[in-house]
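Remarks on the overall topology
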Amino acid sequence: MAKELLFSLTKKDFKIDTFRSGGKGGQYQNTTDSGVRITHIESGAVGESRTERSQNQNKKLALQRLVASDTFQKWHKIKASQMMGIIKTPEQIEKEVDEWMKDDNLKIEYKEV
C-alpha cells in the first residue's frame, strides 16, 4: 500500500527563539545564544533545550521535545483526521487515529528542512 502525504510543516509554522542559557560553560555562555525554544503556532506546543553548547544541537533537541509533547500529538491527530475527512469529537478522532496508526504500523517522523 502506497503512503500518501496528508500535510507538511515548514519553518513558517513555528516560532523559534534563541536565548543565553545557564549552566556550565563559563564565559562562553555569556557570548552566545545557544538556548532554543520552538513554539508550534497553531497548536501552542513548546519544545525547549539549553543543555548543549551548540545552538544547532539544542534546536534539534527542542524540536524532538515539541513533537513528543502531548499537545502537539493531539493537534497532529486532529489535523490528520480533518485531512482524511473525519468529522467527529477530538476524543473519537484521537482514538480512531491511534488505532489506524497501530493497524498500519505507521511511524511519525519530523525532519528539519
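You'll find the structure just up there.
None of these values were measured; they are calculated from a predicted model.

Procedures and definitions
Residues numbered from 1 in each chain as written. Predicted model: local features only at pLDDT ≥ 70, side-chain atom pairs only at ≥ 80, totals over all residues. Heavy atoms only, no water. Helix = DSSP H or I, 4+ residues; strand = E, 2+ residues; numbered from the N terminus. Expected span 1.5 Å × (residues − 1). Buried < 20%, exposed > 50% of the residue type's maximum accessible area, 1.4 Å probe, protein only. Arc of directions from axis to C-beta. Core = buried A, V, L, I, M, F, W, Y, C linked by side-chain atoms within 4.5 Å. Contact = heavy atoms within 4.5 Å. Pairing = 2+ DSSP bridges. Axes fitted to C-alpha atoms, helices over the stretch in contact; angles between N-to-C directions. Phe/Tyr/Trp six-rings, centres within 6.5 Å; stacked < 30°, edge-to-face > 60°. Polar contact = N/O pair within 3.5 Å; in protein donor to acceptor, adjacent residues only side chain to side chain. Salt bridge = Lys/Arg side-chain N within 4 Å of Asp/Glu carboxyl O.

Turning our attention to helix 1 (residues 55–68). Between its terminal C-alpha atoms helix 1 stretches 20 Å, which fits the 20 Å expected from 14 residues at 1.5 Å a residue. Here helix 1 has its buried residues at N58, K59, A62, L63, L66 and V67. Mapping the buried residues of helix 1 onto a view down its axis gives an arc of 170°, with all of them on the same face. In helix 1, the exposed positions that point more than 90 degrees away from the buried face belong to K60, Q64 and A68.

With that settled, the discussion passes to the nonpolar core. By size, the foremost hydrophobic cluster in this structure holds 12 residues: F7, F14, V36, I38, A45, A62, L63, L66, V67, F72, W75 and A80. Elements with a minimum of two residues in this core: strand 2 (35–40), helix 1 and helix 2 (70–83). Element by element, the count of residues in this core is highest for helix 1, at four residues. Sequence-distant contacts of A62, that is, excluding residues within four places in its chain, are made with V36, I38, G47, E48 and S49.

Whenever strands of a sheet pair, they do so through backbone hydrogen bonds, lying parallel or antiparallel. As summarised here, the arrangement of the three strands in space is 1-2-3, forming an open sheet in which the pairing is antiparallel. The sheet is open, and its two borders are formed by strand 1 (14–19) and strand 3 (46–49), each paired with just one other strand. Averaged over neighbouring strand pairs, the angle between their axes works out to 15° when direction is ignored. Pairing geometry for strand 2 and strand 3, over four bridges, is antiparallel. The partner of R37 across the bridge, within strand 3, is E48.

This paragraph deals with the side chain of N58. Mapped onto the elements, N58 comes out in helix 1. Contact partners of N58, with chain neighbours within four places excluded, come to S34, G35, V36, S49, R50, T51 and E52.

So, about the packing of aromatic side chains. The full count for this structure, using the stated rule, is one aromatic pair. Between F72 and W75, the ring centres sit 5.4 Å apart and the planes meet at 35°, which makes this aromatic pair tilted. With a gap of three residues between them, F72 and W75 both fall in helix 2, about one helical turn apart.

Structurally, E48 is set in strand 3. Exposure remark for E48: the relative accessible area of 27% places this residue in the partly exposed category. When the C-alpha atoms of E48 and L66 are compared, they prove to be 7.6 Å apart, with 18 residues separating the residues in sequence. Non-local contacts of E48, meaning those with residues more than four positions away in its chain, are made with F19, V36, R37, A62 and R65. Within the local environment of E48, its side chain forms a polar contact with the side chain of R37, the two groups lying 2.8 Å apart.

With that settled, the discussion passes to the pattern of salt bridges. Using the criterion set out here, one finds three salt bridges in the structure. We note a salt bridge from R37 to E48, for which the minimum N-O separation is 2.8 Å. Pair noted here: R37 is in strand 2 and E48 is in strand 3, with a separation of 11 residues, a long-range link. Under the relative-accessibility criterion, R37 is labelled partly exposed at 28%. The closest approach of N and O atoms between R50 and E48, which form a salt bridge, is 2.7 Å.

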